[in-house]
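An overview of the molecular structure
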Amino acid sequence: MSERTIRGHRRVPRRPYARWLAAGGLTVVAAVAGLAVLLQTGVPAACAVPTTAQNGKATFYDSNGGGGNCSHVGPPATRMYVALGPTEYDDAAACGSYLDVTGPKGKVRVMVMDQCPECPPGHIDLSRQAFAKIADPVQGVVPVTYRRVVDPALPGPLAFRIKDGASQWWFAVLVTNHGNPLNKVEARPPGGGWKSAVRQDYNYWIIEGGLGPGPYTIRVTDDRGRQAVAEGIRMAPEQTQQTNISMYGAPARPTAASPSRPPTPTAEPSPTVEPTATVEPTPTAVAASEDVPTAPAASGSATPATCH
């Protein structure tokens, strides 16, 4: 089975979906046709998973220790993750958010970590471990209901990772442990003004032309209108720089940095530098802005802007 490559990012091999492709092909064609009509009429296409319950079906796969199309270093320590089809993945807007999925045996909470290019809307692809929580794996495909979780408990405070190949002339950062989908990421160099980054479909935020050598101040805004500001983020490609703030509330009990790494990341270069990143002095100089009042932020701009 071949591997897919997206903008230089290795994708884990997926098993064939022979059980559903024959029937699902028409669904995909219909979805594409519907998208064309929406684009012609100017009505926005459906995007990431809403907070109301959706009916669908689930299959399962194994990322083999990879972090998926969301560019994470590895899967969550719990191995509870999900891949979404292109519509619900929404060009990486869903990355790092969480779904509650209910199947024949019960309910499980999973983090959005990957894209399933073959999946039409309503078809979610769970990790093998998550699927086993809600159904017998022998079934292979089961009906489910699922919804996006608002303000999920977080595995740790915000973390930032500068992309390999980034420099003072090309800025690229990955933000993790934010919980709700992100609407905006901005950054500024010392003494400079804010510049908005553009999210890529592999979940890095890019500023063409760069911001100089750093260190940088980064401001992130989620789809509930909350903001957090992190100072002292260094130009240190492929190192995860932990901070001491969260987008909201407090992180789930102190399994913050290390347990969120994949359990056996022997092939990953980053876990070997992760301990030094967590004790770097600069990322501790972090300040969080006051939460924007939830009610106006959620009802006023967040929901229409991101279809959540």
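Residues numbered from 1 in each chain as written. Predicted model: local features only at pLDDT ≥ 70, side-chain atom pairs only at ≥ 80, totals over all residues. Heavy atoms only, no water.

**Considerations on the sheet that holds strand S8 (residues 142-148)**
- Read once around its circumference, the closed barrel built from 6 strands follows the order S3-S7-S4-S6-S5-S8, with strand pairing classed as mixed. Neighbour-to-neighbour, the strand axes of the sheet open up by a mean angle of 45°, direction not taken into account.
- By the bridge criterion, 3 bridges tie strand S4 (residues 81-84) to strand S7 (residues 123-127) in an arrangement that is antiparallel. The residue of S7 that forms the bridge with Val82 is Leu126. (Pairing = 2+ DSSP bridges. Helix = DSSP H or I, 4+ residues; strand = E, 2+ residues; numbered from the N terminus. Axes fitted to C-alpha atoms, helices over the stretch in contact; angles between N-to-C directions.)

**Some words on the packing of aromatic side chains**
- Tallying each qualifying case throughout the model produces 4 aromatic pairs.
- Where Phe60 meets Phe131, the ring centres are 4.8 Å apart and the plane angle is 45°; that geometry is what we call tilted. In this pair, Phe60 sits in strand S3 (residues 54-61) while Phe131 sits in helix H3 (residues 128-134), placing the two residues 71 residues apart along the sequence.
- Under the relative-accessibility criterion, Phe60 is labelled buried at 9%. (Phe/Tyr/Trp six-rings, centres within 6.5 Å; stacked < 30°, edge-to-face > 60°. Buried < 20%, exposed > 50% of the residue type's maximum accessible area, 1.4 Å probe, protein only.)

**Side note on the pattern of salt bridges**
- For the structure on display, the rule yields 7 salt bridges.
- One salt bridge connects Asp62 with Arg79, and the closest N-O pair in it is separated by 3.7 Å. Placement of Asp62 in the loop between S3 and S4 and of Arg79 in the loop between S3 and S4 is noted, with a sequence separation of 17 residues between them.
- When the shortest N-O distance is used, the salt bridge between Arg219 and Glu186 registers 2.9 Å. Of this pair, Arg219 sits in strand S15 (residues 216-222) while Glu186 sits in strand S11 (residues 182-188), placing them 33 residues apart in sequence.
- Residue classification places Glu186 among the buried positions, given a relative accessible area of 8%.
- If you follow the salt bridges from partner to partner, you end up with Asp100, Arg109 and Arg147 in one network. (Salt bridge = Lys/Arg side-chain N within 4 Å of Asp/Glu carboxyl O.)

**Here's the deal with the sheet that holds strand S14 (residues 205-208)**
- Pairing is antiparallel across the open sheet formed by 5 strands, whose spatial order is S13-S14-S10-S9-S17. Strands with a single pairing partner mark the edges of an open sheet, and in this sheet they are strand S13 (198-199) and strand S17 (240-242).
- In the sheet, strand S9 (residues 159-162) pairs with S17 via 3 bridges, with the strands oriented antiparallel. Among the inter-strand pairings, Arg161 is bridged to a residue of S17, identified as Thr240.

**A short note on the pairing of S4**
- Covered by surrounding structure in S4 are Tyr81 and Ala83 together with Val82 and Leu84, the residues of both alternating faces.
- Note that S4 and strand S6 (residues 107-115) share 4 bridges and pair parallel. When the bridges of S6 are listed, Tyr81 appears paired with Met111.

**What about unusual backbone geometry?**
- That bond from Gly214 to Pro215 is cis: its omega, 0°, falls within 30 degrees of zero.
- Looking at the element boundaries, Pro215 is found in the loop between S14 and S15.
- Of note, Arg79 is a non-glycine position whose phi angle comes to about 65°, a positive value.

Such coordinate-based values are descriptive only and should not be taken to indicate function.
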